[in-house]
Structures are given as C-alpha cells and as structure tokens.
Amino acid sequence: QIILGIETSCDETAASIVRNGREIVSNVVASQIESHKRFGGVVPEIASRHHVEQVTIVIEEALKQANMQPSDIDAVAVTEGPGLVGALLIGINAAKAFAFANGLPLVGVHHIAGHIYANQLVEPMQFPLLALVVSGGHTEIVLMRNHGSFELIGETRDDAAGEAYDKVARVLKLPYPGGPHIDRLAHEGGEALVFPRIWLEQDSYDFSFSGLKSSVINYMHNAEQRGEVVNPQAVAAGFQASVVEVLTGKTLRAAREFKVKHVIAAGGVSANKGLRKSLKDTFSKEGITFTVPPLFLCTDNAAMIAAAGSVMFEKGHKSSMSMNGKPGMPLFDWN
Ligand code: ATP
Ligand code: MG
Ligand code: FE
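Residues numbered from 1 in each chain as written. Chains lettered and ligands numbered in written order. Predicted model: local features only at pLDDT ≥ 70, side-chain atom pairs only at ≥ 80, totals over all residues.

Helix and strand counts for the protein come out as 11 helices and 10 strands. In terms of overall dimensions, the protein is globule-like: its C-alpha atoms have a radius of gyration of 20 Å, near the 20 Å expected for 335 residues. For the protein, the spread of C-alpha atoms along the three principal axes comes to 65 × 45 × 30 Å. Relative to its full complement of 335 residues, the protein shows a buried share of 50%. The long-range fraction of contacts in the protein, counting pairs at least 24 apart against all pairs at least 6 apart in sequence, stands at 75%. (Helix = DSSP H or I, 4+ residues; strand = E, 2+ residues; numbered from the N terminus. Rg over C-alpha atoms; globule rule 2.2 N^0.38 Å. Buried ≥ 20, exposed ≤ 12 C-beta atoms within 10 Å, placed from the backbone. Contact = placed C-beta atoms within 7 Å.)

Have a look at this one:
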C-alpha cells in the first residue's frame, strides 16, 4: 500500500511517499525558515504564499525521487489541522486536486497524530504506549492503548515547550527558530545557572513553561541593569536542564502509572540532544522500550503524515472532497 503524504500546516511545504506505513520511499521538505527569520517568527501570509509556490513542485519531486507515477499511489493523506488555516488550505487543495485527478481516496490527518506516527517509521508501536509530544505549539503526554486511540493525560497550561525555547532564544538574541541554538549552547560545556522546575500539583501531568521563561527573562533584565555581562551558554544550559528534567520526570511517572510497554517522543523539540539523552537513559534504566525519530522526522515533514494516514486508511477512514482546514482541530480516535 503506497501513500502520498502532504503537509503544509506551518512553514514547511512537504510531500512524501511511504510504503506500508513504515518505509519512506521519498521525502521532500521545502523549508521557509529563511523567509521568516527576519520577522523572528512565522508570518502566516508569507507562509501561504510560499506554500502556493512550492506545493506542486514538492509533490512532483516526491514522485520523481520515488521513481513513481500517480497511478502507483493508493491514497493521498494530508494535514487537515491544527495549524495556520491559510497554510493548511494550500496542502488540502493540492491533495484534493491530486486525488480527484487520479481517482484516489483522500485521508485527512491530525498534525500531532502525524508527529506521533513518525515513530512508526523507526519501530513498530507496542501498546500500551506513552507519547511525549513536544513541538512548537503542543506539549502533551498521550496514552495510546491501540492504534489511533489517543487519551490526553496531561498538557501545557501556557506555553508549549518549543514556544518557550523560541522565546528564551529571542531574549538571548539568537536567530529563529531558537530551539537548536539553545541546544547547541547548552552543550558547549561550562557553568549552568539554576532556574526553577515547575512541577505543578503533585499528581498532575500538566506542564507550565511561562514561569520558567519569565525567570530567565528576569535574570537577563537584572543582569543588564547591574551592568553585568550575561553568559548565554550558562543561561541556555540552565534553561534546558529545567525543561529536560520536568519533561523526563513527568513522562517517567506516567509510564509507571499506566504500565506502558513503549515510550516515544515526538515533535520538533524531540530533536533536542539533551532531552533525547535524558529520555533514552531514563527508560533504558527503567527497562521500557524508548524510541524517538531521527532529527529530520522530528520537525515538520510529510512522511509522518503518510505514516499516520496509512493506518487511518487501513481502518477505513476516508475524507470527503469538502474537507476544510481546521486550525484548532482536536486529536480524535480512528475507530
Ligand atoms: P506543532 O507541531 O505544535 O503544530 P510546529 O509544527 O510549528 O508546531 P515543530 O515543527 O514540530 O512545530 O517543531 C518546531 C519547534 O521545535 C520550534 O519551536 C523549534 O525551536 C523546536 N526545536 C527544533 N529543534 C530543537 C532542538 N534541538 N531543541 C529544542 N527545540 C527544538
Ligand atoms: Mg516549522
Ligand atoms: Fe509540527
């Protein structure tokens, strides 16, 4: 079974062909980061324009790299939401056109289900499974008792992890997106400042990162007022240590409570070296299988959309040609 995946929810125009939900045949990503950098974040209107220019080229390139014709494809999977509505619509309309022209079924995929299913491209899921989703817009712990069953165990009450990374990076005057720059600085060695760990209520699996972000910002302001030189490496290392400790601690407690067989990490922040190492060490000690996708499958891509779409398609999910972009789409079960 061959699925064409299309992803345009944010600032990556991506198309990919995946065989049997597990094997990447081709994977093309056109990133717009350079166009958004000077604004310090994604500008929705600019994103939509780039998607319009790129989407056909990217789909054709995915077919070409796979050495395939449209007639080789069995279904088209596309990100239906959440994301920027104008950006989503470009991918959805490209998917509809491709599906209609070639008489193929269309499958609308939730972007976060996509991030989670990036792990299927690495290792088959074992259930019950716990997913730590850490991306630019989401920070959640999701329990999966089966394919396409998603129970939200905890989520952020304010900023997403990636958002906190990007905001702290901005205060440190690092380029957008800041996550990878903070990660690099945090690993340069040397001292680390100590910032608070925000655990919330003892039994909560929710997260909060705005307090941590504020304490970093306060530290910077105070240092500036006193005329002290700030060591960005020490700030980055201290901030990252707090984020990684809380994410790892809550995931471990949930993994024990729900007696899961498999823990996975997903989303752009799962590309973080410190987080990957902490989760890997923790769950290897705990004797629980842990997987995280390679870096190119952590941030936005279409292979993850095809991987999730493949399982949905097998379960009989088909979307109608009236599919619309859903900016605030909730994660839904595939039964
Ligand atoms: P969502 O998936 O929630 O809709 P998104 O698609 O914009 O949001 P992703 O592409 O999954 O987000 O991830 C982008 C985020 O990942 C950015 O905030 C970026 O700073 C962060 N990120 C990428 N690499 C790293 C890293 N090495 N360390 C920390 N954060 C990182
Ligand atoms: Mg992005
Ligand atoms: Fe994403």
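UniProt feature "domain: Gcp-like" (unreviewed entry): in the numbering of this structure it lies at residues 23-306. Between the C-alpha atoms that bound residues 23-306 there is a distance of 10 Å. The span itself is 48% helix and 16% strand. (UniProt positions renumbered as here; feature names shortened; annotations may be inferred.)

A sheet is described by the order of its strands in space; here five strands give the open sequence β8-β7-β6-β9-β10, paired in mixed fashion. This sheet does not close on itself; its edge strands, each paired only once, are β8 (151-155) and β10 (289-291). The average undirected angle you get between the axes of adjacent strands in this sheet is 20 degrees. Where strand β6 (residues 129-134) and strand β7 (residues 139-144) come together, six bridges link them in antiparallel fashion. What sits directly across from L130, in β7, is L143. (Pairing = 2+ DSSP bridges. Axes fitted to C-alpha atoms, helices over the stretch in contact; angles between N-to-C directions.)

To continue, consider the site of ligand 1. What surrounds ligand 1 is a group of 23 residues, the closest being G136, G137, G162, G179 and G268. Of all elements in the fold, only α4 (111-117), α5 (161-171) and α6 (179-186) reach the threshold of two or more residues within the shell around ligand 1. Classifying every residue of the shell around ligand 1 by side-chain character gives six nonpolar, 14 polar and three charged. (Near = placed C-beta within 6 Å. Nonpolar A, V, L, I, M, F, W, Y, C, P; charged D, E, K, R; others polar.)

Here we come to helix α7 (residues 210-225). For α7, built from 16 residues, the straight-helix expectation of 22 Å at 1.5 Å per residue is met to within 8% by its first-to-last C-alpha distance of 22 Å. Every buried residue belonging to α7 is among L212, K213 and V216, and all of these are buried. End-on, the buried residues of α7 take up no more than an arc of 105 degrees, which puts them together on one face. Residues of α7 that are exposed and point more than 90 degrees away from the buried face comprise S214, N218, H221, N222 and Q225. (Expected span 1.5 Å × (residues − 1). Arc of directions from axis to C-beta.)

What follows is about the packing of α5 against α7. Where α5 contacts α7, the two axes come as close as 10 Å, and the packing angle between them is 5 degrees. Between α5 and α7, the angle is such that the two are roughly parallel. Mapping the contact onto sequence places A164, K167, V168 and V171 in α5 and L212, K213, V216, I217 and M220 in α7. The residue inventory of the contact of α5 with α7, partitioned by class, reads seven nonpolar, no polar and two charged. (Parallel < 35°, antiparallel > 145°, perpendicular 65-115°, else oblique.)

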